[in-house]
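# Structural overview
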Amino acid sequence: DNGVFSLLAFVIQNLEGQKTVCFVFIDSVVFIEQFLAPKMQELATDNYVITASNIENDNMVFATDSTENEGLQTLPLWLLPDYKVSVTLKGSSAATLSKKRFKVNLLWIIVLITVLVLGFVIIVRNLRKEMQLTQLKSDFVSSVSHEIRTPLALINMFAETLLLDRVRDEQKKKEYYEIISKETSRLKNIVNKILNFSQMETSKRSYDIQLHLIDEIVRETLNTYSYHLENKGFTHDVIYQSDGYKANLDSEAVTEALINLIDNAIKYSKSDKRIAIKTGTTSDGVFVEVQDFGLGISTKNQKLIFDKFFRVTQGDIYNVRGAGLGLSITKSIMDAHQGKIELSSVYGEGSTFRLVFPKA
Ligand code: ADP
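Each value, and the rule that gives it
- Residues numbered from 1 in each chain as written.
- Predicted model: local features only at pLDDT ≥ 70, side-chain atom pairs only at ≥ 80, totals over all residues.
- Heavy atoms only, no water.
- Salt bridge = Lys/Arg side-chain N within 4 Å of Asp/Glu carboxyl O.
- Helix = DSSP H or I, 4+ residues; strand = E, 2+ residues; numbered from the N terminus.
- Buried < 20%, exposed > 50% of the residue type's maximum accessible area, 1.4 Å probe, protein only.
- Contact = heavy atoms within 4.5 Å.
- Pairing = 2+ DSSP bridges.
- Axes fitted to C-alpha atoms, helices over the stretch in contact; angles between N-to-C directions.
- Phe/Tyr/Trp six-rings, centres within 6.5 Å; stacked < 30°, edge-to-face > 60°.
- Lys NZ or Arg CZ within 6 Å of the ring centre and 35° of its normal.
- Near = heavy atom within 4 Å.
- Polar contact = N/O pair within 3.5 Å; in protein donor to acceptor, adjacent residues only side chain to side chain.
- Areas by Shrake-Rupley, 256 points an atom, 1.4 Å probe, with all protein chains shown as cover.
- Nonpolar A, V, L, I, M, F, W, Y, C, P; charged D, E, K, R; others polar.
- Core = buried A, V, L, I, M, F, W, Y, C linked by side-chain atoms within 4.5 Å.

Let's shift gears to the pattern of salt bridges. Side chains that differ in charge, positive against negative, can pair when their charged atoms come close. Scanning the model with the defined rule gives 12 salt bridges in all. Among the salt bridges present, the one from Lys84 reaches Asp58, with a minimum N-O distance of 2.7 Å. Of this pair, Lys84 sits in strand 6 (residues 83–89) while Asp58 sits in the loop between strand 3 (48–54) and strand 4 (60–63), and the two are 26 residues apart along the sequence. A relative accessible area of 48% places Asp58 in the partly exposed class. Residues Lys340 and Glu342 are paired through a salt bridge, measuring 3.7 Å at the closest nitrogen-oxygen approach. On the basis of relative accessibility, which here comes to 31%, the residue Glu342 falls in the partly exposed class.

Let us look at the environment of Ser344. Secondary-structure assignment places Ser344 in strand 12 (residues 340–346). Relative accessible area serves as the criterion here: at 45%, Ser344 is assigned to the partly exposed category. Each residue touching Ser344, except ones within four places of it in the same chain, is listed here: Gly350, Ser351 and Thr352.

Further remarks concern the sheet that holds strand 6. Sheet architecture is open: four strands sit in the order 4-3-6-5, paired in antiparallel fashion. The open sheet has two free edges, formed respectively by strand 4 and strand 5 (73–76), since each of these has just one partner strand. Each strand of the sheet is rotated relative to its neighbour by a mean of 20°, with strand direction disregarded. Examined bridge by bridge, strand 5 and strand 6 share four bridges and lie antiparallel to one another. Paired with Pro76 across the strands is Lys84, a residue of strand 6.

Applying the stated rule across the entire model yields four aromatic pairs. Between Phe158 and Tyr176 the ring centres are 4.6 Å apart and the planes differ by 50°, which places this aromatic pair in the tilted class. With Phe158 in helix 2 (residues 94–163) and Tyr176 in helix 3 (residues 170–201), this pair connects stretches of sequence that are 18 residues apart. No difference in accessibility class separates Phe158 from Tyr176, as the two residues are buried. The aromatic ring of Tyr240 is capped on one face by Arg219, whose charged end is 4.4 Å from the ring centroid. Sitting above the plane of the Phe293 ring, Arg274 keeps its charged end 3.9 Å from the centroid.

Before going further, it helps to spend a moment on the site of the ligand. If you check the shell around the ligand, you find 19 residues, and the closest are Asn264, Tyr268, Asp292, Arg311 and Leu327. Note that an oxygen atom of the ligand is positioned 2.9 Å from one of the side-chain N or O atoms of Asn264. At 3.0 Å from an oxygen atom of the ligand is found a main-chain nitrogen or oxygen belonging to Gly324. Contact with the protein chains removes 99% of the 530 Å² of surface that the ligand exposes when unbound. Breaking the shell around the ligand down by element, the ones donating at least two residues are helix 5 (251–267), helix 7 (326–336) and strand 13 (350–358). Class assignment for the residues of the shell around the ligand results in 10 nonpolar, six polar and three charged.

Let us look at the nonpolar core. Residues Ile262, Ile275 and Phe357 are the most contacted members of the largest nonpolar core, which totals 43 residues. It is helix 5 that provides the largest number of residues to this core, a total of eight residues. Once you skip the residues sitting within four places of it in the chain, Ile275 turns out to touch Leu229, Phe234, Thr235, His236, Asp237, Ile262, Ala265, Ile266, Val290 and Gln291. Ile50, Val61, Leu77 and Tyr83 belong to the second-largest nonpolar core, a separate cluster that totals 14 residues.

A few words now on the sheet that holds strand 11 (residues 285–292). Taken together, the five strands give an open sheet; going across it, the order is 8-10-11-13-12, and neighbouring strands pair in mixed fashion. Looking at which strands have only one partner, the edges of the open sheet turn out to be strand 8 (235–240) and strand 12. For this sheet, the mean angle separating the axes of adjacent strands, direction not counted, is 15°. Where strand 12 meets strand 13, seven bridges bridge the pair, whose relative direction is antiparallel.

By themselves, these observations are geometric and do not establish any function.
Next comes the structure, spelled out in structure tokens:
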């Protein structure tokens, strides 16, 4: 059998200088199986497969494990020149391993790029938000200053005129006093709005929730407010349809929310000066709604108007004064009642705001 035996010949010399030629016959297969195999096993560990096989016919004599992969490296055994040892990676060939490594690297690159892109998007969004907030804040300061300055100037002017005793006509005097009183209450409203807003922001506003008929609150609000409406040239219709259902309400806060809606209906109407107010019920709620036939709100802005400080500053609305707080206060009041505020509006035709409270 080819390569079964190897013959080793060597010369040894003793101390007197006598030389002896020695021959050693090695049974290659036995040698590999008995002496080489344990060493190969030890070297292979868990990562490699080491095989010993015949060079000529490739007959395998010993392998540390089964493998179908080609050898990473093959070398002849110097002691047994008819035999060779091969080292292979366990489980995968070099090609599949590099493919796998490439895939893992690619995955990492994709993950890294995704994280980078996400980070970039978040930074840009935050920056945009920050810029929008800065813009809103500066708009807020300018519109509030404007709101406060006008009544202050009027009060100042008419008070000085009256003080100087220049007005002789009693009717005129009464008119001036009325203006002073009206502007003072306007100032009071603005300051109250800002105070309420700041209380809400710091969650300090407390509510006195009791069982109420929504109709009662609407009736009382209109009793005191209809004069103001008529003064502004508005007519209003009221329909009460809440069928005696009660809800848990803070009457003062709900009145404030209702007045905010009526004020907006006045501010954002043009020539059609009508306001329709209605109470009613849904399957699990009691509602009051305020409808106007004014400017209406575009679909895009409908999502934004409940944000604090947000105001529409284009088109016909540009000249209308406000601080952009009314609707965000109203929404916050509705949240405190576990209620909701619904809006249906057609740009150019009018809007309906509905406050829905859970039925008691
Ligand atoms: P303000 O009226 O002080 O600006 P609000 O929070 O009450 O603040 O309203 C926010 C914005 O919503 C307003 O600037 C206005 O553009 C829009 N808006 C509110 N109510 C109406 C309405 N009834 N009709 C048309 N637009 C409205």
